[in-house]
Structure formats: structure tokens, C-alpha cells
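# Structural overview for review
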Amino acid sequence: MANSASINMEIGNDGVAVITILNPPVNALTLSAIEELKRCYEEAIDSDHVKAIVLSGADGRFCGGLDITVVENVHKHGDILLLPDASIGLVVNKIENGKKPSVAAIQGFALGGGLELAMGCSARIATAKSDLGLPELRLGVIPGCGGTQRLPRLVGTSKAVDMLMSSKTITSEEGKELGLIDAIVSSEELLAVARCWALNIAEGRQPNCNSLQKTDKLGPQDESLEILKSARQRYTVPHYRACLDVIEEGIISGGYSGVLKEDKVFKELVLSNTAKGLLHVFLAERATSKVPGVTDIGLKPRRIEKVAVVGGGLMGSGIATALIISNINVVLKEINNEYLLKAVKSVEANLQGFVTRGKLNQDKMKRTLSLLKGTLDYEDLKDVDMVIEAVNENVSLKQSIFEYIEKICTSECIFASNTSTISLDVIGERTSSQDRILGIHLFSPAHLMPLVEIVRTETTSLQVIVDVIKFTKILKKVPIVVKNCTGFAVNRSFFPYMQGPDLLANLGVNIFRIDRVITEFGMRLGPFQLQDLSGYGIFLAGVKEFVTAFPDRAFQSPLVQLMVENGREGKKNDKGYYTYNKGSKPEADHSVIQIVEESMRLTNIAPGGKPISVTDEEILEMIFFPVVNEACRVIEEGIVIRASDIDIASVHGFKFPSETGGIMFWADAIGSEYIYSKLKSWHEAYGDFFKPSIFLEQRAAKGLPLGGSC
Ligand SMILES: C[C@@H](O)CC(=O)SCCNC(=O)CCNC(=O)[C@H](O)C(C)(C)COP(=O)(O)OP(=O)(O)OC[C@H]1O[C@@H](n2cnc3c(N)ncnc32)[C@H](O)[C@@H]1OP(=O)(O)O
């Protein structure tokens, strides 16, 4: 029997060969695993003792798809010949058209290439609540083992397009309803039922389903083509369009023709910059919770089951929502009944949002809300495992809260602040609990935004850091462990993004052109529309904070103040750089140009008072290179553990286009020398806002990347 590190085959007395994928933690398909699978199939098919085959996964999981290290290796060498021949060589020739039928025994998850192997089988048996999906588009590619052809033939074109375009999984129960799964059984009976099913097919008692030949679920060709045409209007990203084209090829020319086209397109996309960027984000996201000297020394995270949130405003109610939706008991502390009632209503509204989006049903909403207890009395905090303070950014108020909870709570209770601006050392200075104080900086809306900064001080204990990393993962958040500084990692790195656009405006660059360039790059909003929506008060407070902290390189513009003085408060009064009318898109208000010209006169930074001439590319660079530059300082000061944490901060904190791989990965694609040279020239022309950091200068001088892999 062919056995290797990643594939195991056992031939039973019943004549069934059980082939098991064994590659923890997700049974991913390495090159050797794919070759071993082919060998096992050849051996089973040639063996007189084998009547049928069951394909399974070890340790309660089926298969998480192609091992991404295979794709990483292709990126490293730039050689698509390093990709395995799995689609034709394994799925078509061995599994689907092999002389002996295969049945997939699915548990846990079958994703990407994992689900594609299963769809090549004659039938699929699954345990309850297994996750099934083809998330390849999330990685910048398309399925490469026939998924674009077999999925539509098993679940119908419309559902297949939804699954592929969203990269979302379905459960085995939904799969059963759709026809993707043939039976759902308990984990104890999974193998036995799969064996029996395989023998029934081998001996003609059950049909041998070849999904590539199935057409009944596809429906009339014109209907399928119409579904694809409609999807093309919604999905314009190139690899999404390519996926739709491949599906269409199969609908028009047959499944096998579709498989051939899919193989060609998959190999073209694997080497795309988008695939490189999205794979980097996938790996960088998983690297953020690895803290050398903290998470690798054997500390076991302690359970955090009951949490107090002090302050039920926008952030506090959002945090409380994020906690109860993750099945954590919450005590929400407010100072009076009016505020407490308002806070609870905010939590209810947040949960209702989940119901509206189909992520929660009413029963689950009621059960979730039952985890929330409101109180005005600190005594109710005495048995919580953690307190998250989320009151206004008032030092004295925060200090008194920490002083109080130290008296009330247990000696093991973790004290966290959601502060985004105040030093944690200052917040905790009236206590003697510095070892269990840290920041948990969530981004608003806290129940929706995935990013959280875990802010450790010099005295935060390693155990507390390990506890809180685990806690954020339970909340399904992406944690970044950072050190104390103004703005921590995310807001600090991106503070130039708040000032650069104003600086360009004061150099005479049209503000609506700036917004166009930035949105065309892939940001959801241009910086001026973002100012309108986030509110000028928040904008001015943010700028003030960084001007105070980094006066040497801050650019102060009177523009926003002038806007306010001219009765413009952004979305708040529907008049900002744009006008906001109910039911219609924001419209650029060109009358604000005279306010910009007033600001230009006051700052007088435009050479000769005349607008500078720049290309769209230079606008993009003048906006984001200062962000890269500040991020270099964040790295240099050790605020983050690794540069790729800033990539994740940019993608999840500022919606920097994920297909770029994040701000540092994007910068490295451009090159440190080029970035340094541009910043140096702008520094000479326009001042210290563009002054290159030492880290950037040194890396550029040596031709070294700024980020590097995670
Ligand atoms: C042939 C073509 O169709 C192409 C493909 O198949 S492309 C690959 C398609 N598959 C996926 O996109 C699945 C990606 N993985 C996930 O969605 C999740 O990891 C999971 C649902 C499988 C498991 O989630 P969870 O239990 O939360 O665990 P983590 O995400 O934290 O992952 C645990 C570690 O496993 C590593 N890992 C996950 N998927 C893969 C993979 N496909 N190849 C190699 N390694 C994988 C992940 O990086 C984590 O590693 P770490 O060292 O523990 O950080």
C-alpha cells in the first residue's frame, strides 16, 4: 500500500480502498501529496482487491485546497511549470474517469482544490455543518481543478456564480439541498456510509454520477448565459471576469473544454500581481498573531468568558455587540439610566443590522442579547475576566475608572482601554496593576471592522498579551500587537494621508482630481469626500493630535477651518466639498474652489503662488509615499513586530486595496530607491512633510525592500 507523509491508503476486506489526505493543519495539497494521490489511485485501480475508493481527510477535516506554499514557490521562481497537473492528471483521469468509482467522505471543510477533488468523485458524503467553498478568487486566481465546471453542473449556474464571486462557503446542509452533497451523516458513521455508497455504485445499485457530464442543473443555455452577462455587470475586477468567461466556455463548448480553458487561465492568473498581493495578505493576516518571545514560549491563553465594557457610546456599544455576538457575557456600565438605555438600544440596532444582512435570525438575536447586562453599579464588575474602558478621551476620567476597577475586580482581571490617543502608562498611573493593563484599540464600527490593535506597554505581562490575542481571535478579529506611541501603528502610519491631500490642495492641485485619482487607485472614497463623511471635527482633532506629536513634519492647513467658517460641515450639514442630497450621489461642489484659493493664499506654499503641474501618477505618489515614509518610522521604532503587520493595518484599517498586498508590499513593488528619490525632491521643494525617514534612506541606499515577507 502506497503510504507517505501526506497520503495514506488502506484497502479493506470489503474491497474499498480508503485514501486519506494527511497534512496538518488543513490537509492542504502539496506537490508530493498530489503525486501520491495519483499513485494511490493507480494502485487502487490496478488492484484486483479493490472494487471502489473512498477519498477522505485526516483529523476531522477533508482538505483546505492547494497548499499555498506551492503558489508561493511559483511566485518566487516565476515559473508556472512548478504547478502540479492536478486538474487533468488527477481529477479527470484518475478520480472521475478511473475504472473504479470514488466517493468523498467530507468533514470539517472541503475548500478550493479540496472541494474540486470531491466534485470529481461519483458522490459526496459529509458530516453536518461542514464548510464547502471555492475561495480562489479571494487569492487572485480562479479554481484550477475543474471547480468552474463541476460546481455549476452540481448546484446550478446561478448558485455557482454566487459562490465563486463571493468566495463564501456553504454548509453541507445547504449543499445537500442544492445537490452538491448526497448524504449527511454523523462523523462516527461517515467512513462506513461512504464505503457502502462506493460499493453500491461499483456494483450498480446506485448511479455513478460524472458531474462534468451533468447538464440537468445547468438549465437552458440562454438562461445560463444571461446569468453570466448580468454577473459581468456587477463584477469588473479582471480575474472575476476571467472566471465568468471560463464558466461560459464550458456552458457553450462542454465541461471538458471548460476544464482546459480553466487550466490555461488559472496558470495565467497565478503569476499576476493581484495573486501575489492577495496571497501576501492571506499569509500576513495569519502572521500578525505570532509574537516572538510571547506566543512561542508555551504560555496557554486563559479563558475570557465575562467582560465589562465601561462606556456605552458609539465605540462601547459596538464593542459590546462584538462580544455578545461571539457568545461572551457582557456587563455594560454606564453612568445613568438614560445613557444606559441608549447604549442597549445601540447594541440592539447593531444586532438588527446583522439580522437584516441575513447573518443572524431573530431567535439567535434574542439569545445573543440575553448575554448583555446593563448596570450603573461598579459592584457588578467584580467577577469579570476583563474590563474594556471605552469612555471619552479624557485622561482624568480614564484614570479614575482604572483606579476604581482595581479596587472592585479580581487580581487576575485584565484592564484594557480602547483609547486611540492617550498613553496607557498615563491611563494606569493611579493603579499598581501595570502588568495587566494594555490597549485594545478597535476601529469603528467595532462590531464590523476586523482590525484590532493590541497595545502593549513595557510592563504588560506576556500572559495578558497571549490571553488577549486569543480573545481577539474568538471575536474573529485580526489582531496586530503594537507598542505605545501616538496613533499606535494604523493612525500613526496613515496620519500623512490626512494632511497630504490638503497640502496638494494648497499647492493648487484640484481637490476633485485628487479624489478621482485616489478612488481610481482603489480606495473606496477620495480623501476630501472622506473628510466630509468622517466629520470635520474628527478630522481637525486627528490632525491636532499629530501636529502636537510630530510638529517637525506636520503640515497645517487652514482649509478645513475656512470650510467651517463658510458654513460647510461636510455630510453633517450636507454641504462640504460635495453636496449631499437624499437619494442621489454626492456631487462635487465647485464653489468651494474659492475657499481652497483662500487657503492657498494663506499658506503661500505654491511656488510663485501658481498651481503646480503634476500627473495623476504623481498625485498618487505624493499622497501615499508620505504614508510609506511614516510607516518606515513605525517599523524603525519597533512599534510593530513586522512590516507586513502594516500591510494588514492598511488593508483592514484604511481599506487600502488588498490586491496590492498592502501599503508596504505595494511600496516594495515600486522600490525603496524610487520612493526615497521622490520624497527627497519634494522635501527640497515643499518642506519637511516629505522629509525621508532614516529607515527609508538606509534601505534605499542598500537597495533593500521596506517590507519583506512575513
Ligand atoms: C487548485 C486551485 O483550485 C487552487 C486552490 O485550491 S487555492 C487554495 C484554496 N484554499 C483556500 O483558499 C483555503 C485557505 N484557508 C482557509 O480558508 C483557512 O485556513 C481554513 C478555513 C482552511 C482554516 O481556517 P482556520 O481554522 O481559521 O485556520 P487558519 O486560517 O488560521 O489556518 C491555520 C494554518 O493553516 C494554514 N493554511 C490554511 N490554508 C492553507 C492552504 N491552502 N495551504 C497551506 N496552508 C494553509 C494557515 O496559513 C495557517 O498556518 P499557520 O502557520 O498556523 O499560520
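Residues numbered from 1 in each chain as written. Predicted model: local features only at pLDDT ≥ 70, side-chain atom pairs only at ≥ 80, totals over all residues. Heavy atoms only, no water.

Per an unreviewed UniProt entry, the chain goes by 3-hydroxyacyl-CoA dehydrogenase and derives from Anisodus acutangulus. Its UniProt record gives the chain the following Subcellular location (unreviewed entry) comment, quoted word for word: "Peroxisome". (UniProt positions renumbered as here; feature names shortened; annotations may be inferred.)

### Concerning the side chain of Asp589
Relative to the helices and strands, Asp589 resides in the loop between strand E19 (587-588) and helix H24 (593-603). Within the structure, Asp589 has its side chain in polar contact with the side chain of Ser591 (distance 2.5 Å). Setting aside residues up to four positions removed in sequence, Asp589 forms contacts with Phe512, Arg568, Gly576, Tyr577, Tyr578 and Thr579. (Helix = DSSP H or I, 4+ residues; strand = E, 2+ residues; numbered from the N terminus. Polar contact = N/O pair within 3.5 Å; in protein donor to acceptor, adjacent residues only side chain to side chain. Contact = heavy atoms within 4.5 Å.)

### Observations regarding the pattern of salt bridges
Per the counting criterion, the structure on display carries 38 salt bridges. Among the ionic pairs, Lys398 bridges to Glu389, the shortest N-O distance being 2.5 Å. Taken individually, Lys398 and Glu389 each receive the classification buried, so the pair is uniform in this respect. Overlapping salt bridges bring together Arg492, Asp552, Arg553, Glu630, Arg633 and Glu637 as one network. (Salt bridge = Lys/Arg side-chain N within 4 Å of Asp/Glu carboxyl O. Buried < 20%, exposed > 50% of the residue type's maximum accessible area, 1.4 Å probe, protein only.)

### Regarding the UniProt feature "domain: 3-hydroxyacyl-CoA dehydrogenase NAD binding" (unreviewed entry) in the chain
Taking the numbering used here, the UniProt-annotated feature "domain: 3-hydroxyacyl-CoA dehydrogenase NAD binding" (unreviewed entry) corresponds to residues 306-485. Taken end to end, residues 306-485 is 39% helix and 22% strand, and its first and last C-alpha atoms sit 29 Å apart.

### Topic: the site of the ligand
In the neighbourhood of the ligand, 24 residues make up the surrounding shell, with Gly113, Glu116, Glu136, Arg286 and Lys290 lying closest. Contacts to the ligand include Ile68, whose backbone N or O atom sits 2.9 Å from a nitrogen atom. Here Arg286 contributes a side-chain N or O atom positioned 2.8 Å from an oxygen atom of the ligand. Protein burial of the ligand: of its 970 Å² of free accessible surface, 73% is covered by the chains. Within the residue set of the shell around the ligand, elements represented by two or more residues are strand E5 (109-111), helix H4 (113-120) and helix H12 (273-287). The residue inventory of the shell around the ligand, partitioned by class, reads 12 nonpolar, 5 polar and 7 charged. (Near = heavy atom within 4 Å. Areas by Shrake-Rupley, 256 points an atom, 1.4 Å probe, with all protein chains shown as cover. Nonpolar A, V, L, I, M, F, W, Y, C, P; charged D, E, K, R; others polar.)

### Remarks on the confidence of the model for the chain
Residue-level pLDDT values for the chain average 95, and 99% of them are 70 or greater. Across the predicted assembly, pTM comes out at 0.93 and ipTM at 0.97. (pLDDT = per-residue confidence, 0-100.)

### With respect to the sheet that holds strand E13 (residues 386-389)
Spatially, E12-E11-E10-E13-E14-E15-E16-E17 is the arrangement adopted by the 8 strands of the open sheet, whose pairing is mixed. Single-partner strands in this sheet number two, and they are strand E12 (372-375) and strand E17 (478-483). Going from strand to strand, the sheet's axes swing by 25 degrees on average, the running direction of each strand aside. Strand direction decides the pairing type here: strand E15 (residues 437-442) and strand E16 (residues 451-456), joined by 4 bridges, are antiparallel. Each residue of the ladder has a partner; that of Gly439, found in E16, is Val455. On top of the sheet, helix H13 (residues 314-324) reaches strand E10 (306-310), strand E11 (329-333), E12, E13 and E15; it is set at about 170 degrees to E10, its chief contact. (Pairing = 2+ DSSP bridges. Axes fitted to C-alpha atoms, helices over the stretch in contact; angles between N-to-C directions.)

### Notes on the UniProt feature "domain: 3-hydroxyacyl-CoA dehydrogenase C-terminal" (unreviewed entry) in the chain
As recorded in UniProt, the feature "domain: 3-hydroxyacyl-CoA dehydrogenase C-terminal" (unreviewed entry) lies at residues 487-580 and 622-702. The straight-line gap between the two end C-alpha atoms of residues 487-580 is 31 Å; of that span, 61% is helix and 2% is strand. Secondary structure over residues 622-702 splits into 73% helix and 0% strand, and the C-alpha atoms at its two ends are 23 Å apart.

### Quick word on the sheet that holds E5
Ordered in space as E5-E7-E8, the 3 strands form an open sheet in which the pairing is mixed. Two strands in the sheet have a free side with no partner beyond their single neighbour: E5 and strand E8 (170-171). The pairing of strand E7 (residues 131-133) with E8 spans 2 bridges and is classified as antiparallel. If you follow Asp131 over to E8, its bridge partner there is Thr171.

### Side note on the pairing of strand E1 (residues 7-11)
Pairing analysis gives 5 bridges linking E1 to strand E2 (residues 16-21), with the strands arranged antiparallel. Looking at the pairing, Ile11 lines up with Ala17 of E2. Here E1 hands over to E2 after 4 residues, with Gly15 in that stretch at a positive phi of 85 degrees.

### Quick word on helix H19 (residues 490-506)
The end-to-end C-alpha distance of H19, which contains 17 residues, comes to 26 Å, matching closely the 24 Å that a straight helix rising 1.5 Å per residue would cover. At Gln499, H19 is bent by approximately 30 degrees, the largest bend along its length, and proline Pro501 sits one to four residues beyond. Taken across its 17 residues, H19 has 16 buried, putting it largely inside the fold. One or two residues past the end of H19 sits Gly508, with phi positive at roughly 95 degrees. (Expected span 1.5 Å × (residues − 1). Bend = angle between axes of the 7 residues up to and from the residue.)

### Quick notes on the packing of aromatic side chains
According to the stated counting rule, one finds 24 aromatic pairs in the structure shown. Arranged with centres 5.0 Å apart and planes meeting at 75 degrees, the rings of Phe528 and Tyr577 form a pair that is edge-to-face. Highlighted residues: Phe528 in helix H21 (residues 527-534) and Tyr577 in the loop between helix H23 (559-565) and strand E18 (578-579), separated in sequence by 49 residues. What makes Tyr577 buried here is its relative accessible area of 0%. With a centroid separation of 6.0 Å and 35 degrees between ring planes, the pair formed by Phe625 and Trp682 is classed as tilted. Of this pair, Phe625 sits in helix H25 (residues 616-636) while Trp682 sits in helix H28 (residues 672-686); the two residues are 57 residues apart in sequence, bridging distant segments of the chain. For the pair Phe625 and Trp682, a shared accessibility class is recorded, and that class is buried. When the ring centre of Phe282 is taken as reference, the NZ or CZ atom of Arg286 above it lies at 3.6 Å. Sitting above the plane of the Phe354 ring, Arg357 keeps its charged end 5.1 Å from the centroid. (Phe/Tyr/Trp six-rings, centres within 6.5 Å; stacked < 30°, edge-to-face > 60°. Lys NZ or Arg CZ within 6 Å of the ring centre and 35° of its normal.)

### Quick word on the packing of H13 against helix H14 (residues 337-356)
Between H13 and H14, the least distance of the axes is 9 Å, while the angle of their chain directions is 50 degrees. When the interaxial angle is binned, H13 and H14 end up oblique. In this structure, the crossing between H13 and H14 has a hand that is right-handed. Between H13, through Ser317, Gly318, Ala320, Thr321 and Ile324, and H14, the contact on the second element is made entirely by Ala343, Ser346, Val347, Asn350, Leu351 and Phe354. Partitioned by chemical class, the residues of the contact of H13 with H14 number 6 nonpolar, 5 polar and no charged. (Parallel < 35°, antiparallel > 145°, perpendicular 65-115°, else oblique. Left-handed = near helix turned anticlockwise from the far one by under 90°.)

### A few points about the packing of helix H9 (residues 221-234) against helix H10 (residues 238-253)
H10 packs onto H9 with a crossing angle of 170 degrees between their chain directions and a minimal axis gap of 10 Å. When the axis of H9 is compared with that of H10, the two are roughly antiparallel. Contact residues: H9 offers Gln221, Ser224, Leu225, Leu228, Ala231 and Arg232, while H10 offers Arg241, Leu244, Asp245, Ile247, Glu248, Ile251 and Ile252. Grouping the constituent residues of the contact of H9 with H10 by class yields 7 nonpolar, 2 polar and 4 charged.

### Brief notes about the pairing of strand E6 (residues 123-127)
Within E6, 5 of the 5 residues are buried, which leaves it mostly tucked inside the rest of the structure. Both faces of E6 are covered, namely the face carrying Ala123, Ile125 and Thr127 and the face carrying Arg124 and Ala126. By the bridge criterion, 4 bridges tie strand E4 (residues 102-106) to E6 in an arrangement that is parallel. Residue Ile106 lies in a different strand from E6, and its bridge partner there is Ala126. Bridge count for E6 against strand E9 (residues 183-185) is 3 bridges, and the pairing is parallel. Paired with Ile125 across the bridge in E9 is Ala183.

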